[in-house]
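Analysis of the macromolecular model
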Amino acid sequence: MRADAQRNYDRIVEAARMAFRERGYDTSLDQIAKDAGVGPGTLYRHFATRDDLIDAVMKAWVDHVEETADKALTHEGGPREVLLNWFEEYVRLISVHKGGPAKITGAMGDDASPIRTKCQVLQSAGGRVLDRLRDEDAVRDDVTPLQVARLVGGIATVADQSELDLVAVRPMLEVVADGLLK
């Protein structure tokens, strides 16, 4: 990519990151182009669809997911506390952008979704936490990472849409945790 094209790409991604955080994923792409200081044609040359732009914005986020799962695996406490800690971190991870929880949770398990790779990273991270708890015989064997991602993502979606904070969300996460533990 030429240097000027790379600069435009980077400016568009950063403008989109800010717009999604402040106004949600439905922000006008024309407004994002304007915020980036480029024309709509430049934006569409780099990103044919809104989902392509969302995918680009989420790339740095993937590394953060892995780091967060690593921390969850070293969390001190019993199985319930480990699980609740992961759930709270999961809610934070998918709630970075307004509308993020619904977008991500809705794409879970959808192989045609442009953000499927990001969803797979989340499921894999959650799977690592579940595997640790299974090794301790602390969590039900019939629960899949996809099911857990959808349950916790549903709670995060409600919180995002009703502007609940993590304190108000925790009792709902506790209900899910208690249902998963043996």
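About the thresholds
- Residues numbered from 1 in each chain as written.
- Predicted model: local features only at pLDDT ≥ 70, side-chain atom pairs only at ≥ 80, totals over all residues.
- Heavy atoms only, no water.
- Patch = residues over 30% accessible without salt bridge, like charges linked within 9 Å, V, L, I, M, F, W, Y side chains within 5 Å.
- Areas by Shrake-Rupley, 256 points an atom, 1.4 Å probe, with all protein chains shown as cover.
- Salt bridge = Lys/Arg side-chain N within 4 Å of Asp/Glu carboxyl O.
- Helix = DSSP H or I, 4+ residues; strand = E, 2+ residues; numbered from the N terminus.
- 1 Å grid on protein atoms, 1.4 Å probe; cavity = no way out; pocket = protein on both sides within 12 Å on 5 of 7 lines; lining within 4 Å.
- Points joined across faces, edges and corners; volume = space filled by probe spheres on them.
- Nonpolar A, V, L, I, M, F, W, Y, C, P; charged D, E, K, R; others polar.
- Domains from an automatic or database assignment.
- Contact = heavy atoms within 4.5 Å.
- Buried area = accessible area lost by both parts, 1.4 Å probe.
- Polar contact = N/O pair within 3.5 Å; in protein donor to acceptor, adjacent residues only side chain to side chain.

**Notes on a nonpolar patch on the surface**
There is a patch of nonpolar side chains on the surface, built from Val158, Leu164 and Met172 and spanning about 210 Å² of accessible area. Along the polypeptide, Val158 turns up in helix α8 (residues 145–162).

**Description of the layout of surface pockets**
Here the largest pocket is characterised by a volume of approximately 180 Å³. Together, 14 residues line the largest pocket, and Val91, Ser95, Ala159, Asp160 and Leu164 are the ones closest to its centre. Elements with a minimum of two residues in the lining of the largest pocket: α5 (79–94), α8 and α9 (166–180). Ranked by the residues each element gives to the lining of the largest pocket, the list is headed by α8, at three residues. Per-class residue counts for the lining of the largest pocket are seven nonpolar, two polar and five charged. Considering the residues around the second largest pocket, the lining is formed by 15 residues, among which Val57, Met58, Trp61, Val96 and His97 are closest to the centre. Of all the secondary-structure elements, those providing two or more residues to the lining of the second largest pocket are α1 (3–23), α4 (50–73), α5 and α6 (100–107). For the lining of the second largest pocket, the leading source of residues is α4, giving five residues.

**Examining the domain arrangement of the protein chain**
Considered domain by domain, the protein chain is made up of domain 1 (3–50) and domain 2 (58–180). Here the C-alpha centre of domain 2 lies 28 Å away from the C-alpha centre of domain 1. Each side of the interface is counted separately: domain 1 has seven residues, and domain 2 has seven residues. In total, about 630 Å² of surface goes out of reach between domain 1 and domain 2, with carbon and sulfur atoms giving 55% of it. Taken together, the connections running from domain 1 to domain 2 amount to zero salt bridges. At the boundary of domain 1 and domain 2, one finds three residue pairs in polar contact (both at pLDDT 80 or more). Taken together, the residues of the side of domain 1 that touches domain 2 sort by class into three nonpolar, one polar and three charged.

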